[in-house]
Amino acid sequence: MPSPQHEAIVHYLMNAQAPADPTLAELREGYDQNLLAFTPVEGTTVSTESADGIRVDLVTAPGADPERHVLFVHGGGFVLGSAEAYREFASRISAATKARVAVVDYRRAPEATAPAALDDCLAAYRWLLARGADAARTALAGDSGGGGLALLLAARIAAAGLPVPAAVVAFSPWIDISFRPDMPDERESDDPMLTVAYLRWLAASYLAGAAADDPANNALFADLAGLPPVLLQTGTRDLTHQDSVVFAKRAEEAGVEVVLDVYPELIHDWPAFGPDLPEGQEALARVGDFLGKRLAGS
């Protein structure tokens with residue numbers, strides 16, 4: 001049964017007052033402000049770097065090993081979110097994994113459409129390697145739309161013949177932007193965050209006419225054979241829950257080691273909702289365990 005803290009978040013999301021017809025700027029500001037309300041782990045340091053013109057925030061919690069890295073792709077459906085807004089979540093990932101977290105401030109839609117976000121993330125990964133990061137001690141991670149991008153990035157890295165990272169972690173990933181026929185009808189969902197109409201708007205903003213089932217845009221249709229071990233975390237109250245289930249099956253069929261963590265009754269992207277949520281603490285502890293041995297090096 002979800003904790004009282006989880007249900008308080010659900011209540012807030014279901015009763016939050018939003019502008020009747022918000023502008024893109026208002027949507028972005030509201031998304032970021034919800035995350036900026038949380039304070040990073042005490043003692044965390046943040047430095048902003050330029051990865052060939054792409055902003056990357058390096059977030060390091062106390063005790064993190066500077067030789068361990070997590071390249072993090074933030075959520076927001078390719079349209080919202082920012083590296084700055086994700087500093088608090090990145091600090092908790094850093095603390096859990098004992099790694100430095102590099103949050104990519106990729107170009108967002110509709111100003112920059114597919115595959116701009118993926119191109120930026122690949123450039124940031126190349127930048128990390130050029131700075132001396134060991135791929136064997138580097139993981140990819142992302143939440144929501146960023147989780148889908150992180151999985152797609154792993155496939156693109158493998159296809160490009162680059163050193164493959166040690167693992168990929170995806171929190172409530174939104175993977176299939178082509179909207180499979182088995183996706184739940186929003187009228188049958190009690191997800192307090194997402195609707196199919198909202199996801200369709202985000203996908204259209206990002207794709208701008210590009211094919212939603214193109215393997216270059218959708219990890220569900222990509223060649224998954226070269227992927228490193230993958231951890232997927234999803235809640236059953238999440239409208240995108242089945243994305244993780246379907247992806248896990250396809251990845252396993254491709255010979256990929258997959259761990260699928262399913263949390264009953266939890267909402268979309270719950271680990272990002274601050275440090276006081278017990279379910280978020282549990283999820284990050286699992287991530288720490290999963291990445292611990294994989295980022296240890298040989």
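Located above this text is the structure these notes cover.
Predicted, not measured: the structure shown is a model, and the values here were computed from it.

Moving on, we come to the nonpolar core. Core analysis: the biggest nonpolar cluster contains 62 residues, and Leu71, Leu151, Tyr206 and Phe247 have the highest contact counts within it. Those residues in contact with Phe247 that lie beyond four places of it in its chain are Leu151, Ile175, Ala219, Leu220, Leu224, Leu227, Val230 and Leu232. Membership of the second largest hydrophobic core comes to 26 residues, among which are Phe72, Ala83, Tyr86 and Val101.

Once that is clear, we can look at the pairing of strand S6 (residues 167–171). Burial within S6 is extensive, with five of its five residues counted as buried. The two faces of S6 match: Ala167, Val169 and Phe171 on one face and Val168 and Ala170 on the other face are all buried. Direction of pairing for strand S5 (residues 138–143) relative to S6: parallel, over a ladder of five bridges. Bridge pairing links Asp143 to Phe171 in S6.

Let's shift gears to the packing of aromatic side chains. Applying the stated rule across the entire model yields nine aromatic pairs. When the ring of Phe72 is compared with that of Tyr86, the centres are 5.7 Å apart and the planes differ by 40°; the resulting orientation is tilted. Here the residue Phe72 occupies a position in strand S3 (residues 65–73), and Tyr86 occupies one in the loop between S3 and helix H3 (87–97), the gap between them amounting to 14 residues. The exposure class of Phe72 is buried, given its relative accessible area of 0%. Accessibility expressed as a relative area gives 1% for Tyr86, which makes it buried. Through a chain of ring-to-ring contacts, three or more aromatic side chains come together here, namely Phe72, Tyr86, Phe89 and Phe171. Against the face of Phe179 rests Arg200, its NZ or CZ located 4.4 Å from the ring centre. Stacked on the ring of Phe290, the Lys or Arg Arg294 has its end atom at 4.0 Å from the ring centre.

About the criteria used
Residues numbered from 1 in each chain as written. Predicted model: local features only at pLDDT ≥ 70, side-chain atom pairs only at ≥ 80, totals over all residues. Heavy atoms only, no water. Core = buried A, V, L, I, M, F, W, Y, C linked by side-chain atoms within 4.5 Å. Buried < 20%, exposed > 50% of the residue type's maximum accessible area, 1.4 Å probe, protein only. Contact = heavy atoms within 4.5 Å. Helix = DSSP H or I, 4+ residues; strand = E, 2+ residues; numbered from the N terminus. Pairing = 2+ DSSP bridges. Phe/Tyr/Trp six-rings, centres within 6.5 Å; stacked < 30°, edge-to-face > 60°. Lys NZ or Arg CZ within 6 Å of the ring centre and 35° of its normal.

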